[in-house]
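Residue-level structure breakdown
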Amino acid sequence: MRLLACLLGASCAVAQTGKLSAGKQASIEGTISSFMVASKVPGISVAVVQDGEFVWSAGFGMADLENSVRATPQTLYRIGSISKPITATAAMTLWEHGKLDLDSPVQKYCPAFPQKPWPITTRELLGHLGGIRYYNVPELPYSKSHTDPEVGNILHFEDGIEGGLKFFANDPLVARPGTHFNYSTQGYTLAGCAIEGASGEKYADYVHESVLVPAGMLQTRPDDRFAVIPHRTRFYSKDTSGAVVNAEFLDSSYKVPGGGWLSSAADMARFEVAILRDRTIRSATREIMWTQQTPSDGLGRMAYGLGWQFGIIDGVRDVGHGGSQQGTSAAILIAPDSRDGVVVLTNSDGTDASGLATRLLRIVLGLPEHEHKAVAVDPMLYGGYIGTYQVGDFSMTIAQEGDRLFAQIRDQKILLLPESARDYVFQGSDAQIIFEADSNGRAKDLILRESGADAYLNRVK
């Protein structure tokens, strides 16, 4: 497997050496090699943290296919929504210094944002409870999303906060703040404006001094398409035939706080270390960020804190975030109790970086591959599960055909294999569904557990 990794273009340069055993490294490299063959992703960079230390990183494949440039631990990728925990960390440093009241109306720090029927706080924005809308059309596939200028933005903004606010500032709220979870990259633009007002500095400058420098993340920077940036990867996608092509165009200057940073696997590992070792925020502040925020309606939501998603891998709690954008699929995961973590950055969209991160974290934690064992379940139970479940704009319909249960997602129908009366796994996947039923056996909602993150889908039909 080590030989196969080299044949796929693995970088021999390792950013750190430390406690990662030869056996775990071989397993990680073998898993990456298999993933690259299956996904046809051009390039990947990966990093590992163990016991709060950055111990290993390497690049695999190509950062630039046209010029035969290999991926390395220093290759810079778009990190998409992994920008959110960076922004949230910056906001919390201001809170620690008494410069940002998380529970004051956001206009105290961002007067450019118009008043709404209800006040919106920075805490609500960081937890996606601020009632700010998301994109107007689905992000995927990106080739069909250009009817929404925000998804495929081609304009460049020297002042990204000001330019970004103009996209949505005058739109109505989708819900009263605090009452409903609505994932929103736009809400993080507003949080970035609050950071500027509270700090008296430009958003990117404050993030640099409060988060990046203390963490040692000296490569990380906004994705500026006009700048000449050493080690920046090219961005790829796949066409309808599965062939690798250049990704759709994107200028992300309008959404840097929620999805516009570039970083390397090595730098993101340093970010994980800094969070675990209290180098940017105090441990008590970290625990506030890692406490799940729940809307007052209790309905469909991600398991989300302040800038971080939560999940469980074989009973082991994890925190992290995924990122998807034109030309990238990325993920970071941390197991807080053991202080272990992984980083996966790729240069192609539509690639399951989060799934790979979960598999790599299992190796780091020493967890065996999960074996899904279907059990016999009385099909009479299925009647209580049939219905449509939703979180945000994502919905899933559960249907029964004979003695089998299926999940219908858009135009895909997937068989659900029972592992217990309430726990099911998608056939051919590690994604799980856990039905939460009342005393009569009727599910009021379900948990979708996938790639180290949990989402709560509320029953709507």
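Just above, that's the structure.
In short, a report on the structure. Because the structure is predicted, anything quoted here is derived from the model rather than measured.

The antiparallel open sheet is built from seven strands, whose spatial order is β3-β2-β1-β13-β12-β11-β10. Across the chains shown, the open sheet's two edge strands, defined by having one partner strand only, are β3 (69-70) and β10 (309-313). With five bridges connecting them, β10 and strand β11 (residues 316-325) associate as antiparallel partners. The residue bridging I313 from the neighbouring strand is V316, located in β11. In this fold helix α11 (residues 353-365) packs onto β1 (43-50), β10, β11, β12 (328-335) and β13 (340-346), with an angle of close to 150° to the strand it touches most, β13.

With that settled, consider the nonpolar core. Of all hydrophobic cores here, the largest spans 80 residues; its most connected members are F113, L190, M268, F271, W290 and W308. Counting residues per element, this core draws most heavily on helix α9 (residues 265-276), at nine residues. The contacts of F271, once residues within four sequence positions are left out, are P85, I86, T89, V211, M217, W308 and I332. Membership of the second largest hydrophobic core comes to 25 residues, among which are V48, A58, I313 and A357.

Attention now moves to the packing of helix α3 (residues 83-96) against helix α7 (residues 203-215). To describe two helices that pack against each other, one gives the angle between their axes and the distance between the axes. Orientation of α3 relative to α7, taken along the N-to-C sense of each, is 75°, at an axis distance of 9 Å. On the basis of the axis angle, α3 is roughly perpendicular to α7. Here I86, T87, T89, A90, T93 and L94 of α3 lie close against α7, whose contacting residues are Y203, Y206, V207, S210 and V211. Split by residue class, the contact of α3 with α7 holds seven nonpolar, four polar and no charged.

What follows is about the sheet that holds strand β8 (residues 261-263). The pairing of strands in a sheet comes from backbone hydrogen bonds and takes either a parallel or an antiparallel form. Strand order across the open sheet formed by three strands is β4-β8-β5, with antiparallel pairing between neighbours. Taken across any chain shown, the strands that pair with only one partner, and hence form the sheet edges, are β4 (77-78) and β5 (221-222).

Per the counting criterion, the structure on display carries 19 salt bridges. With a shortest N-O distance of 2.4 Å, R225 and D251 are connected by a salt bridge. You can see R225 sitting in the loop between β5 and β6 (236-238) and its partner D251 sitting in the loop between β7 (244-246) and α8 (256-259), a full 26 residues away along the chain. R225 gets classed as partly exposed once you look at its relative accessible area, which sits at 33%. Ionic pairing is found between K413 and E401, a salt bridge with its closest N-O pair at 2.7 Å. Of this pair, K413 sits in strand β17 (residues 412-418) while E401 sits in strand β15 (residues 394-401), and the two are twelve residues apart along the sequence. Since its relative accessible area comes to 38%, E401 is described here as partly exposed. Linked by salt bridges that have partners in common, K19, D51, E53 and R339 make up one network.

Right, let's get into the state of the cysteines. Summed over the entire model, instances satisfying the criterion amount to one disulfide. The disulfide partner of C110 is C193, and the gap between their sulfur atoms is 2.1 Å. Measuring the twist about the S-S bond at about 90°, one finds the C110-C193 disulfide to be right-handed. Taken together, the positions of C110 in the loop between α3 and α4 (122-126) and C193 in helix α6 (residues 185-199) put the pair 83 residues apart, joining distant regions of the chain.

As a further point, take the packing of aromatic side chains. Per the counting criterion, the structure on display carries 15 aromatic pairs. Between F167 and Y254, the ring centres sit 5.2 Å apart and the planes meet at 55°, which makes this aromatic pair tilted. With F167 in helix α5 (residues 160-168) and Y254 in the loop between β7 and α8, this pair connects stretches of sequence that are 87 residues apart. Of the residues examined, Y254 reaches a relative accessible area of 4% and is grouped as buried. Judged by centre distance (6.2 Å) and plane angle (55°), the ring pair of F181 and Y304 falls under tilted. Residue F181 is located in the loop between α5 and α6, and its partner Y304 is located in the loop between β9 (301-302) and β10; the two are separated by 123 residues in the primary sequence. Taking the relative accessible area as the measure of exposure, Y304 reaches 0% and is therefore buried. Ring pairing ties together the aromatic residues Y134, Y135, F181, Y183 and Y304, which thus form one cluster.

Here we take up the packing of α5 against α6. Where α5 contacts α6, the two axes come as close as 9 Å, and the packing angle between them is 140°. Judged on the interaxial angle alone, α6 and α5 are oblique. In this structure, α5 crosses over α6, and the sense of that crossing is left-handed. Here I161, G164, L165 and F168 of α5 come into contact with α6, specifically with Q186, T189, L190, G192, C193 and E196. Of the residues contributing to the contact of α5 with α6, the split by class is five nonpolar, four polar and one charged.

Definitions and limits used
- Residues numbered from 1 in each chain as written.
- Predicted model: local features only at pLDDT ≥ 70, side-chain atom pairs only at ≥ 80, totals over all residues.
- Heavy atoms only, no water.
- Pairing = 2+ DSSP bridges.
- Helix = DSSP H or I, 4+ residues; strand = E, 2+ residues; numbered from the N terminus.
- Contact = heavy atoms within 4.5 Å.
- Axes fitted to C-alpha atoms, helices over the stretch in contact; angles between N-to-C directions.
- Core = buried A, V, L, I, M, F, W, Y, C linked by side-chain atoms within 4.5 Å.
- Buried < 20%, exposed > 50% of the residue type's maximum accessible area, 1.4 Å probe, protein only.
- Parallel < 35°, antiparallel > 145°, perpendicular 65-115°, else oblique.
- Nonpolar A, V, L, I, M, F, W, Y, C, P; charged D, E, K, R; others polar.
- Salt bridge = Lys/Arg side-chain N within 4 Å of Asp/Glu carboxyl O.
- Disulfide = S-S within 2.5 Å.
- Phe/Tyr/Trp six-rings, centres within 6.5 Å; stacked < 30°, edge-to-face > 60°.
- Left-handed = near helix turned anticlockwise from the far one by under 90°.

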